[in-house]
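# Topology and contacts: notes
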Amino acid sequence: MEYISWTLTILSFIIAFIGLVYPIIPSVIFIFLGFIIHGLFHGFSEFPWWFWAIEVLFTILLFGADTLANAFGVKRFGGSEAGIWGSTIGLLVGPFIIPFAGILIGPFIGAVIAELLFSKSSIKLALKTGVGSLVGFLTSVVTKGIVQIVMIVLFVMVV
């Protein structure tokens, strides 16, 4: 049973890291699933209250990092609210239209199209906004990856 519990726990953590580059997978839920699986097999008594409090704060940080990094990237490169929405929609739709590459191309194209259609931006500004959305996405992936690593390290320290 020990091997099964650790295999399932580690598998859920791996899926969480896949979710960093494939945003349809809710990474933080799989991190928590790993905690729950471990607790179900070994008991929840080894998790102190402060562990859950810190993990919930990290979860809030993860959700915020995603939104803020995208918005910051688009705004920093001169984009508008339309660019932020276009980038987000492109991030969600892109991987389905163009597997693997869509994760990078989707936000770029989404931001560019939204800027051109809704903000009536110039092509130059729209392309710059697309680059900003890509920078925001990559920043978000790195930030979320670091936070997820910290969450897992905290889990390992407690266990």
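Right above here is the structure, for reference.
Residues numbered from 1 in each chain as written. Predicted model: local features only at pLDDT ≥ 70, side-chain atom pairs only at ≥ 80, totals over all residues. Heavy atoms only, no water.

## A look at the overall build of the chain
Along the chain, the regular secondary structure elements total 6 helices and 0 strands. Sequence-ordered secondary structure for the chain, helices as α and strands as β, is α-α-α-α-α-α. When the backbone C-alpha atoms are referred to their principal axes, the chain occupies close to 60 × 30 × 20 Å. Sequence-distant contacts in the chain: of pairs separated by 6 or more residues, those separated by 24 or more amount to 64%. Separation of charge centres in the chain, based on 6 positive and 6 negative side chains, amounts to 25 Å. (Helix = DSSP H or I, 4+ residues; strand = E, 2+ residues; numbered from the N terminus. Contact = heavy atoms within 4.5 Å. Lys, Arg positive; Asp, Glu negative; His and termini not counted. Charge placed at Lys NZ, Arg CZ, Asp CG, Glu CD.)

## Some remarks on empty space enclosed by the protein
The full count for this structure, using the stated rule, is 1 cavity of 30 Å³ or more. In this structure, the largest cavity spans a volume of roughly 40 Å³. Around the largest cavity, the lining residues are D66, N70, S87, L91, P107, S133, F137 and S140. Secondary-structure elements contributing two or more residues to the lining of the largest cavity are helix 3 (49–76), helix 4 (81–97) and helix 6 (123–158). Sort the elements by how many residues they give to the lining of the largest cavity and helix 6 lands first, with 3 residues. The residue makeup of the lining of the largest cavity, split by class, is 3 nonpolar, 4 polar and 1 charged. (1 Å grid on protein atoms, 1.4 Å probe; cavity = no way out; pocket = protein on both sides within 12 Å on 5 of 7 lines; lining within 4 Å. Points joined across faces, edges and corners; volume = space filled by probe spheres on them. Nonpolar A, V, L, I, M, F, W, Y, C, P; charged D, E, K, R; others polar.)

## Some details on the layout of surface pockets
Looking at the largest pocket, its volume works out to about 450 Å³. Lining the largest pocket are 20 residues, with L62, F63, D66, T67 and K144 positioned closest to its centre. When residues of the lining of the largest pocket are traced back to their parent elements, those giving at least two are helix 2 (27–42), helix 3, helix 4 and helix 6. Each residue belonging to the lining of the largest pocket can be placed in one class, and the counts come to 12 nonpolar, 6 polar and 2 charged. For the second largest pocket, the calculated volume is near 250 Å³. If you go around the second largest pocket, you meet 15 residues; those closest to its centre are G90, G106, I109, G110 and I113. Listing elements by their share of the lining of the second largest pocket, those giving two or more residues are helix 4 and helix 5 (102–118).

## Focus: helix 3
Residues lying three or four places apart along an α-helix face the same way, a consequence of the helix completing one turn every 3.6 residues. For helix 3, spanning 28 residues, the distance from its first C-alpha to its last is 39 Å, which sits close to the expected 40 Å at 1.5 Å a residue. Of the positions making up helix 3, those classed as buried are F51, E55, T59, L62, A65, A69, N70, G73 and V74. For helix 3, the elements touching its buried residues are helix 2, helix 4 and helix 6. One or two residues past the end of helix 3 sits G78, with phi positive at roughly 90 degrees. (Expected span 1.5 Å × (residues − 1). Buried < 20%, exposed > 50% of the residue type's maximum accessible area, 1.4 Å probe, protein only.)

## Focus on the side chain of S121
With respect to the helices and strands, S121 occurs in the loop between helix 5 and helix 6. Engagement of the side chain of S121 in a polar contact is seen with the side chain of E115, the distance being 2.8 Å. Those residues in contact with S121 that lie beyond four places of it in its chain are E115, L116 and A126. (Polar contact = N/O pair within 3.5 Å; in protein donor to acceptor, adjacent residues only side chain to side chain.)

## Some remarks on the packing of helix 3 against helix 6
Orientation of helix 3 relative to helix 6, taken along the N-to-C sense of each, is 170 degrees, at an axis distance of 6 Å. The angle between the axes of helix 3 and helix 6 places the two elements in the roughly antiparallel class. Grouping the amino acids of the contact of helix 3 with helix 6 by side-chain chemistry returns 15 nonpolar, 10 polar and 3 charged. (Axes fitted to C-alpha atoms, helices over the stretch in contact; angles between N-to-C directions. Parallel < 35°, antiparallel > 145°, perpendicular 65-115°, else oblique.)

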